[in-house]
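Here are the chains, one letter per residue:
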Amino acid sequence: MNLQALHQYLQGRTEPVCAYLYDLAHLRRHVQGLRRSLPDQCQLFYAIKANSDAPILQALLGHTDGFEVASLGEIERVRAVDGGMPIAFGGPGKTDAELEGALAHEVALIHVESEHQLRRLDWIARRHGRVADILLRVNPEHVPQQATLRMGGQATQFGIEEARIPDLIELARTLPGVRLRGFHIHAISNNLDAQAHLALLEHYFDLAEAWQQRHCLTIDWLNVGGGIGVNYADPSASFAWEGFCAGLSALIAARRPACRIVFECGRFLTADCGYYLTEVTDIKTARGRHFAILRGGSHHFRLPVSWQHDHPFVVLPRDVWPYPFARPAVHGATVTLCGELCTPKDILARDVPVERLRAGDCIAFLLAGAYGWHISHHDFLSHPHPERVFVDG
Ligand SMILES: *Cc1c(COP(=O)(O)O)cnc(C)c1O
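Residues numbered from 1 in each chain as written. Predicted model: local features only at pLDDT ≥ 70, side-chain atom pairs only at ≥ 80, totals over all residues. Heavy atoms only, no water.

Enquirer: What should I look at first to understand the nonpolar core in this one?
Expert: Across soluble globular proteins, you tend to see nonpolar side chains buried next to one another. Among the nonpolar cores identified, the biggest contains 123 residues, and Phe183, Phe244, Leu248, Phe263 and Leu337 are the most heavily contacted of them. At nine residues, the largest contribution of residues to this core is made by helix H8 (residues 194-214). Core analysis: the next-biggest nonpolar cluster, separate from the first, contains six residues, Ala88, Leu109, Trp221 and Val262 among them. (Core = buried A, V, L, I, M, F, W, Y, C linked by side-chain atoms within 4.5 Å. Buried < 20%, exposed > 50% of the residue type's maximum accessible area, 1.4 Å probe, protein only. Helix = DSSP H or I, 4+ residues; strand = E, 2+ residues; numbered from the N terminus.)

Enquirer: I tried to follow the pattern of salt bridges on my own but got confused; where do I start?
Expert: Between side chains of opposite charge, a pair can form when the charged atoms approach closely. Counted according to the given criterion, the structure contains 25 salt bridges. Between Arg126 and Asp122 there is a salt bridge; the shortest N-O distance is 2.8 Å. Here Arg126 and its partner Asp122 are both found in helix H6 (residues 115-127), four residues apart, which amounts to about one turn of the helix. On the accessibility criterion, Arg126 (45% relative accessible area) is partly exposed. Among the residues examined, Asp122 registers a relative accessible area of 2% and is labelled buried. As a salt-bridge pair, Arg255 and Glu209 come within 3.3 Å of each other at their nearest N and O atoms. One end of the pair, Arg255, is in helix H9 (residues 241-255); the other, Glu209, is in helix H8, with 46 residues separating them in the sequence. Among the charged side chains, a salt-bridge network with shared partners connects Glu115, Arg119, Arg164 and Asp167. (Salt bridge = Lys/Arg side-chain N within 4 Å of Asp/Glu carboxyl O.)

Enquirer: Hey, could you run me through the site of the ligand in this one?
Expert: Lys49, Gly227, Glu264, Arg267 and Tyr371 are the nearest of the 13 residues found near the ligand. In the environment of the ligand, an oxygen atom lies 2.6 Å from a nitrogen or oxygen atom belonging to the side chain of Tyr371. Starting from 390 Å² of accessible surface for the ligand in isolation, the protein chains cover 90%. Placement of the ligand is best described as lying within the largest pocket. Grouping the constituent residues of the shell around the ligand by class yields three nonpolar, five polar and five charged. (Near = heavy atom within 4 Å. Polar contact = N/O pair within 3.5 Å; in protein donor to acceptor, adjacent residues only side chain to side chain. Areas by Shrake-Rupley, 256 points an atom, 1.4 Å probe, with all protein chains shown as cover. 1 Å grid on protein atoms, 1.4 Å probe; cavity = no way out; pocket = protein on both sides within 12 Å on 5 of 7 lines; lining within 4 Å. Sits in = over half its atoms within 2 Å of the grid points. Nonpolar A, V, L, I, M, F, W, Y, C, P; charged D, E, K, R; others polar.)

Enquirer: Just checking my understanding: could you explain the environment of His142 for this structure?
Expert: Turning to its location among the elements, His142 is positioned in the loop between strand E6 (132-139) and strand E7 (149-150). Distance in space between the C-alpha atoms of His142 and His203 is 8.9 Å, their sequence separation being 61 residues. Each residue touching His142, except ones within four places of it in the same chain, is listed here: Gly153, Glu162 and His203. (Contact = heavy atoms within 4.5 Å.)

Enquirer: For this particular structure, what's the right way to read H8?
Expert: Residues lying three or four places apart along an α-helix face the same way, a consequence of the helix completing one turn every 3.6 residues. Here H8 spans 30 Å end to end across 21 residues, near enough to the 30 Å set by a 1.5 Å rise per residue. Along H8, the residues that are buried comprise Ala194, Ala196, His197, Leu198, Leu200, Leu201, His203, Tyr204, Phe205, Leu207, Ala208 and Trp211. A distance of 3.0 Å separates the backbone nitrogen of Gln195 from a side-chain oxygen at the start of H8, and that oxygen is part of Asp193. Following H8 by one or two positions, Cys216 adopts a phi angle in the positive range, close to 45 degrees. (Expected span 1.5 Å × (residues − 1).)

Enquirer: What should I look at first to understand the pairing of strand E14 (residues 289-294) in this one?
Expert: A regular strand carries its side chains on alternate faces of the sheet. Here strand E13 (residues 274-286) runs beside E14; their pairing, made up of six bridges, is antiparallel. Note on E14: the bridge partner recorded for Lys284 is Phe291. In this structure, the hairpin formed by E13 and E14 is closed by a connection of two residues, where Arg287 is found at a positive phi of approximately 50 degrees. Two strands pair when backbone bridges link them, and E14 and strand E16 (residues 329-338) are joined in this way by four bridges, in the parallel orientation. By the bridge assignment, His290 is partnered in E16 with Val335. (Pairing = 2+ DSSP bridges.)

Enquirer: Even after reading the chapter, I still don't get unusual backbone geometry, so can you show me in this structure?
Expert: Keep in mind that most residues, glycine aside, have a negative phi and that most peptide bonds are trans. We note that Leu367 has phi near 50 degrees; this positive angle belongs to a residue other than glycine. With respect to the helices, strands and loops of the structure, Leu367 is situated in the loop between strand E18 (362-365) and strand E19 (387-391). The phi torsion at Leu381 lies on the positive side, around 75 degrees, for a residue other than glycine. For Leu381, a relative accessible area of 33% gives the class partly exposed.

Enquirer: It is not clear to me how the layout of surface pockets should be interpreted in this structure. Could you clarify?
Expert: A probe matching the size of a water molecule, rolled over the atoms, marks out where space remains unfilled. Empty space within the largest pocket amounts to approximately 620 Å³. Forming the walls of the largest pocket are 34 residues, and the residues nearest its centre are Lys49, Leu149, Met151, His186 and Tyr371. The set of elements that each furnish at least two residues to the lining of the largest pocket consists of strand E3 (66-69), strand E12 (260-265), helix H10 (267-270) and helix H11 (303-307). The class makeup of the residues in the lining of the largest pocket is 13 nonpolar, eleven polar and ten charged. Here the second largest pocket defines a volume of roughly 460 Å³. Contributions of two or more residues to the lining of the second largest pocket are made by helix H1 (3-10) and E13. Broken down by element, the residue count for the lining of the second largest pocket peaks at three residues, all from E13. Looking at the lining of the second largest pocket, its residues break down into ten nonpolar, six polar and five charged. (Points joined across faces, edges and corners; volume = space filled by probe spheres on them.)

Here is the structure:
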């Protein structure tokens, strides 16, 4: 979807614009390209919490190897679009009902996050006459990498600390309701450095190899998580996927891991297929600073507030001005883009430069396809929801 398509959407609209637009054709092309570059031994899963709308899942069905989910609700979302898509089920708080639901929905792999979860799953699976295929989720001792969010390499609620993995491997062997198929490590989020990500994977290979040798264990799966980043500060400088895949091929050739390597990416797959469009409804100045008020805000698009960043955007100028009085505007200035909520936290970009911005123009926030609508508090203040449009072709 190009700028022209966004302008087309705006044609003839009189109500203040507020919409999410998702480009499904772009999504398919993007993900096809990513998957094509991956070495043969690798699989690409989609972590659906980034965006779990049915049209998105549908578009990804033929182009990913499976979906990663973190609740029974997400399992049901996947099964509503496809009965057979492989599912990996993670999350630190799986209830008995969720574990039962996972078995009933034929989830392929359950990522076990604690000893208690392991024992409960075994107990439930045996009661149902089943054997659940599991990966142990590891919180590694060291993560050679800085990141915005860290789930591993420090004390967190996620996974099983590295030092306890040997005990849990041995415990799993004694439990007839589970079959240990490998390991899962998702330790960081939004990593932009391909070389650093390779170093991370090499470390994971080391860990998995050591456990296999020490416990005479054969594994089928090493799930290396998601966490491949999207550059919100400079959308033109994206993660060097091609170089990363070349490095990964070399790493696999050198280390010859005898299992499948699974990626479960969220953000990297769906961020750039989505746009959040909002109309500027007012512009004002306070103590020399300019503020643009938008029809929308963090109740639809919480990502910039959650990550404390200025979200990238483009201005879509519109010439229609229906009022018989002057149009509020700023020229060649910095402006703060504010939502319509009654809280000073409702800011999507702060003191960012614009050539010209007028009431009635629209702002298109880029990279809004992942962790946008789905992480937001839609009904705070009871404003109307944005229109949500899935464009195909
Ligand atoms: C959120 C999550 C992902 C996806 O993370 P991205 O940063 O969007 O790639 C993958 N695996 C697990 C376990 C997650 O919780």
